[in-house]
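Understanding the architecture of this molecule
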Amino acid sequence: MSAVHGAIHTLPAEDVLDVLGTDPAGLSPAQVRDRLAQDGPNLLSQPDRHAWLRALVKQIINFFTILLVAAAAICFVADRMQPGESMDVMGYALVGVAVLNAIFSFVQEYRAERAMEALRAFLPAQVTVVRGGEEVQVLAAEVVAGDIVLLAEGDQVPADARVVESHGLLVNNAPLTGESRPLAIGPDASAADRMVEAENLVFAGCAVQKGSARAVVFATGPRTEFGRIAELSGEVKRAPSPLERDTAKMVRVLTAIAIGLGVSFFAYGMFTGRPLLTNLVFMMGIIVANVPEGLLPTFTLALAMGSMRMAKRNVLVKGLNAVEAIGAVHVICTDKTGTLTRNALQLQRVVDPLGGGEGEGSLDGASSTAVLHDALLASEVHVRDGALAGDPLDVEIAVRLGQDAESLATLEQDRRWLWPFDVDLRSAAGASAERFAVKGAWESLRPRLRSVRGQPVDAALLARVDATVAATARRGARVIAIAARPLQAAEWEAAGTDDPRRAFESGLDLVGLLALVDPLREEVPPAVAKARGAGIDVVLITGDHPDTAVAVAREAGIVDPHVEAAEVALTGSDLEALPTSALIARLGSGVRVFARSTPEQKMKIVQALQAMNKVVAMTGDGVNDAPALKAADVGIAMGKQGTDVAREAAQIVLLDDNFASIVAGIEEGRTVFANIRKFTNYVLVSNGPEILPYLLYILLPIPLALTVIQILSIDLGTDIVPSMALGREPPEPETMQTPPRDRDAGLLRWRLIAHSYGFLGLLEALWSFALFFLVLRHGGWHDGDPIPPTSDPTYQSATGAALATILLMQIGNLIGRRSARRLGLDAGLFRNRLLLAGIVIQVAFSWAVLYAPAVQHVLATGPIPLAYYALCWLGVPLIFGADALRKKLGWLVDDGQRAG
């Protein structure tokens, strides 16, 4: 039976029952049982209910988590072997960091895959079918192929079905196609190329807006269009975001360095005869100094702050990694209705039907008003709660004519008959005592015309109108034809009490054409221009007519208005015939508009762009958009008019359904990434003075300048708030004036490493070492003397001086990190209160390390003379000035845009 599905819409209604193995009385109970056993219930597949468990296990066995837990275990063993060194405190701290990182990562990764549940909400619980000659209510899950279903206004369609009898049936396929205009469905055979465009099919999950019908089911469950989309959506696995890839790479690199150094120097220590415990502590110091334990939680906090800023700009982020991912976007694939446009048809102008092939001729003045009065005669508008109500087009006509409650009441008194929209005639009509008027599709009125604007109809005249209609459509307008004729009293008398429409609807004069447009949002062209100025391409993908799509793209600035449509646009049928390599070539040559696109084709476009090494954002609001939303690097759903399915499949939801909000989100995303680079650079600088003491300690007979617990006081203590402050920095002026960074341009780049470790980190290490040895010498220790024990007061004061120096120099580092090219002071310290808080914490902790007994006890530090503490402060202008000179000379400047 499935073999005929693709051609079911092409069959005459009388053949459908035979082909689907049923008859007008419906299926018998035995047939229902057999088909239910063969095809299964009319349900979509069940979601994976154990996905959360797998996501949790993945984080528990994460390499970074295992590394921290293993390091903590070594700390606990070392504490048992030699108590009193605070190794147990470090162990607990490392376990805490491991747990926090695992939880953060788990929460980010696990977003319940509820798209399948949302899809089920579109399917009705019960449906009326004809079985054994009787109308019965059955569960939607029990509907089988061949069932005859009865549809009425307000129903949701339970399965894909072919209509064999229709009474003014209008359906809304928006959940499936994304286009919200109602479709007239009848029983006649269709020549449509695609099933979703057939005028005789109804689809699972779509709603009946008006009328009733009898239809024969030809596909259920996963074989329906809904089911096919659900299967596509379920199969698509979103690739890791750019930040996820960068973070994973950074963790691998840093941990490889840490373990490599730690193991190498552990082996060296054992070879040179150092005690096992000393070597274990040393190895732990190397690992802890190299791994920025507080960096990943700070990532999460920065992303969370970014998501809150985005929410203020109507961009709701579901997954934190999407905050940064949207900033890396190279291409925005956007739909038309409701995103670029307002999703509200408005009367643009009254077109002269004899305007010709350019479609520019308009009627104005008395001629335009006369056409609108005829249109109003065929419209139903009334006053509700002091406002005009009715079909939006009818209300628009009334508003244009300045109608109020009194004038509408007069119209109702004068009008003798009103015929609402008739699906078969594809028009609505109205009649007063002296005039009959009809409004509808040009194709439906064309055969009933006697004249056009008073000129007798002939083939040439009709061809001129055809050209006008086509030209107006190419400009992105929907065309409604208005025809009318005078009525005589004798005609009313001849009609009697019968419906006179058939008698009146002949010999019509085409008085005008209404051009209706879904107007572009006024903020869209500037937003598109801003995106293009930032090096971001915009691609329009819609289910609408190619002419309309190209017209909107031209008005929005997506394509050059002077370029031929064939050079920038492809239809769904064109796309179907193109292999991916050819599609990539067309995209490279400037194609930016795709019309009449299917869900598979939307995915094909996304995958072709990704094959071009582009980071792709895809917008969508319908069920049909779910697979493409998941396939894209960033899925963006509409919050107002989007379906639950689209919102669940997406990572970002636009609260105002506005394209301009996407561009605002990109600016915030770029700012977040820039800020992450800033605080990554900031944190890695302190790794230099943390690592160097351990390298020199194992190579030279000198005391260890920093203990492991002191390193952790920086990484998990004083560096956290300044890092968060850098994460809150506002966008820099050039944020949206540079192209997006390369897909391979990661966080940990050689310039950043050289700047962090080889320049500022080395500077901090040298100055902190200078203070460390100055205090040691002040206490009487000289080169060649035995290494003092950790309990020695002079040694504790010296490590305190080294730690305080690093803390204070991080202030100069912090200010310098605010900008890659400017000083950092020009942005104003008081604009970022968290930055001030970070500086206060650094200053207060540097004092407490040296002079607060409680802190001295925990960190094993001691006091130093105030003159030496002043020298610690000298490190602030030293590091800030050196970095300012580097910026001026253009050394190691990294804008983060290109790979390498």
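Notes on the structure in this doc start here. Just so you know, these numbers come straight off a predicted model, no measurement behind them.

When you go through the protein chain residue by residue, the secondary structure sums to 36 helices and 25 strands. The burial tally for the protein chain puts 55% of its 900 residues in the buried class. For the protein chain, the proportion of contacts with a sequence separation of at least 24, taken over those separated by at least 6, is 74%.

Further remarks concern the pairing of strand S15 (residues 435-440). Among the six residues of S15, five are classified as buried, and the element is accordingly described as predominantly covered. The pairing of strand S14 (residues 427-432) with S15 spans five bridges and is classified as antiparallel. Each bridged residue has a counterpart across the sheet, and for Ala429 the counterpart in S15 is Val438. Linking two consecutive strands that pair antiparallel, namely S14 and S15, is a turn of two residues.

Across a sheet, strands are paired by hydrogen bonds formed along the backbone, either parallel or antiparallel in direction. A sheet is described by the order of its strands in space; here eight strands give the open sequence S8-S25-S24-S23-S9-S20-S22-S21, paired in mixed fashion. The open sheet has two free edges, formed respectively by strand S8 (315-317) and strand S21 (569-571), since each of these has just one partner strand. Mean inter-strand twist for the sheet, computed between neighbouring axes without regard to direction, equals 20 degrees. For strand S9 (residues 331-334) and strand S20 (residues 537-541), the ladder comprises four bridges, and the chain directions are parallel. Following the sheet pairing, Val331 is matched in S20 by Asp537. Each of S8, S9, S20, strand S23 (616-620), strand S24 (634-638) and strand S25 (652-654) is contacted by helix H28 (residues 659-685), which is oriented at about 155 degrees to S9, the strand it contacts most.

A few words now on the nonpolar core. Residues Val329, Ile558, Phe659 and Ile676 are the most contacted members of the largest nonpolar core, which totals 109 residues. One finds Leu20, Met603, Ala608 and Ala650 within the second-largest nonpolar core, a separate group that totals 53 residues.

Taken as a whole and judged by the stated rule, the model has 12 aromatic pairs. Taking 6.4 Å as the distance between ring centres and 85 degrees as the angle between the ring planes, the aromatic pair formed by Phe772 and Tyr795 counts as edge-to-face. Here Tyr795 lies in helix H33 (residues 793-816) and Phe772 lies in helix H32 (residues 750-778), a separation of 23 residues in the sequence. Pair check on accessibility: Phe772 and Tyr795 agree, each one buried. In this structure an aromatic cluster arises from ring pairing among Trp417, Trp419, Phe436, Trp492 and Phe504. Lying across the ring of Trp492, Arg416 places its NZ or CZ 5.0 Å from the centre. One residue, Arg741, lies across the ring of Phe673, its end atom 3.4 Å from the ring centre.

Counting through the fold element by element, Glu668 comes out in helix H28. Taking the relative accessible area as the measure of exposure, Glu668 reaches 6% and is therefore buried. Each residue touching Glu668, except ones within four places of it in the same chain, is listed here: Arg309, Met310 and Arg313.

The rules behind each value
- Residues numbered from 1 in each chain as written.
- Predicted model: local features only at pLDDT ≥ 70, side-chain atom pairs only at ≥ 80, totals over all residues.
- Heavy atoms only, no water.
- Helix = DSSP H or I, 4+ residues; strand = E, 2+ residues; numbered from the N terminus.
- Buried < 20%, exposed > 50% of the residue type's maximum accessible area, 1.4 Å probe, protein only.
- Contact = heavy atoms within 4.5 Å.
- Pairing = 2+ DSSP bridges.
- Axes fitted to C-alpha atoms, helices over the stretch in contact; angles between N-to-C directions.
- Core = buried A, V, L, I, M, F, W, Y, C linked by side-chain atoms within 4.5 Å.
- Phe/Tyr/Trp six-rings, centres within 6.5 Å; stacked < 30°, edge-to-face > 60°.
- Lys NZ or Arg CZ within 6 Å of the ring centre and 35° of its normal.

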